[in-house]
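Architecture at a glance
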Amino acid sequence: AMTDTKKNKMVKEKIMGKPLLWVIGGIVLLIGIAFLNQKTAVATEVVVYKTPSCGCCKEWVKHLQENGFRVEVHDRNDLTPIKKQLGVPGNLQSCHTAKVGNYVVEGHVPADDIKLLLKEKPNVVGLTVPGMPHGSPGMDMGPRKDPYDVLTFKSGGKTDIFSSYNQR
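Now for a description of the structure that goes with this document.

Cut-off values and rules
- Residues numbered from 1 in each chain as written.
- Predicted model: local features only at pLDDT ≥ 70, side-chain atom pairs only at ≥ 80, totals over all residues.
- Heavy atoms only, no water.
- Helix = DSSP H or I, 4+ residues; strand = E, 2+ residues; numbered from the N terminus.
- Buried < 20%, exposed > 50% of the residue type's maximum accessible area, 1.4 Å probe, protein only.
- Contact = heavy atoms within 4.5 Å.
- Areas by Shrake-Rupley, 256 points an atom, 1.4 Å probe, with all protein chains shown as cover.
- Disulfide = S-S within 2.5 Å.
- Pairing = 2+ DSSP bridges.
- Phe/Tyr/Trp six-rings, centres within 6.5 Å; stacked < 30°, edge-to-face > 60°.
- Axes fitted to C-alpha atoms, helices over the stretch in contact; angles between N-to-C directions.

**A look at the overall build of the protein**
For the protein, the helix and strand inventory stands at four helices and seven strands. Along its sequence from the N terminus, the protein presents helices and strands in the succession α-β-α-β-α-β-β-α-β-β-β. Looking at the protein as a whole, 36% of its 168 residues are labelled buried. In the protein, once contacts between residues fewer than 6 apart in sequence are set aside, the share between residues at least 24 apart is 53%. Total accessible area computed for the protein in this model is approximately 10800 Å², and 58% of it derives from carbon and sulfur atoms.

As structure tokens, this is what we get:
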């Protein structure tokens, strides 16, 4: 025959075991919902305008893709109308122009700077790396690594340094 103490212990274990399972199940469910609600699965889209023959532009597109961006590429023989329409001043131009969100990205801007731009949302037209500095993303094929700045630019052409790469 079972003693009252043993019976009470078994009843207690049955009752105590179930809430714990419910709690664990609830936590698992909440974690699952949290993961589903994260937007990291959706890559930020970058629309790139470049010339068909530009090799460094293709390398920069690859750099963006490797850093989680979804890239739509438009090959154009003449980028002048796009640069003018998007408000890129002549002295800040490079070999390709891109749109990401409400911003313009001109030239070999590193993906991390684009991510920071989208996070901080400064009141600027966009980012630029004027010219084609050796060592910047897409221009990093050779041993030469020149220092360069990533600049913000406003519609009047005013620039500020966004980040600097001193890579001697």
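Structure's up, so let's keep going.
**Some thoughts on the state of the cysteines**
A covalent bond between the sulfur atoms of two cysteines is what we call a disulfide. A complete count under the given rule lists zero disulfides for this structure. With no disulfide of its own, Cys56 has Cys54 as its nearest cysteine by sulfur position, at a separation of 3.4 Å. On the accessibility criterion, Cys56 (8% relative accessible area) is buried.

**Description of the pairing of strand S3 (residues 97–100)**
Summarising the sheet, strand S1 (residues 45–50) and S3 pair through four bridges and their orientation is antiparallel. Counterpart to Tyr49 in the pairing with S3 is Thr97. Bridge analysis of S3 against strand S4 (residues 103–107) gives four bridges, and the strand direction is antiparallel. By the bridge assignment for S4, Ala98 is matched with Val105.

**What about the packing of aromatic side chains?**
Tallied over the entire structure, the rule returns one aromatic pair. Between Tyr148 and Tyr165, the ring centres sit 5.0 Å apart and the planes meet at 15 degrees, which makes this aromatic pair stacked. Here Tyr165 lies in strand S7 (residues 159–165) and Tyr148 lies in strand S6 (residues 148–153), a separation of 17 residues in the sequence. Overall, Tyr148 belongs to the buried group, its relative accessible area being 7%. The exposure class assigned to Tyr165 is partly exposed, which follows from its relative accessible area of 25%.

**Observations concerning the sheet that holds strand S2 (residues 70–75)**
Spatial strand order, S2-S1-S3-S4-S5-S6-S7: seven strands in an open sheet with mixed pairing. With partners counted over all chains shown, the strands left at the sheet margins are S2 and S7, one partner each. Strand-to-strand twist across the sheet, computed as the mean angle between neighbouring axes with direction ignored, equals 20 degrees. Two elements, S1 and S2, share six bridges in a ladder whose sense is parallel. Paired with Tyr49 across the bridge in S2 is His74. In the packing of helix H2 (residues 55–66) onto the sheet, contacts are made with S1, S2, S3 and S4, and the angle to S1 comes to roughly 175 degrees.

Any functional reading would require information that these geometric values do not contain.
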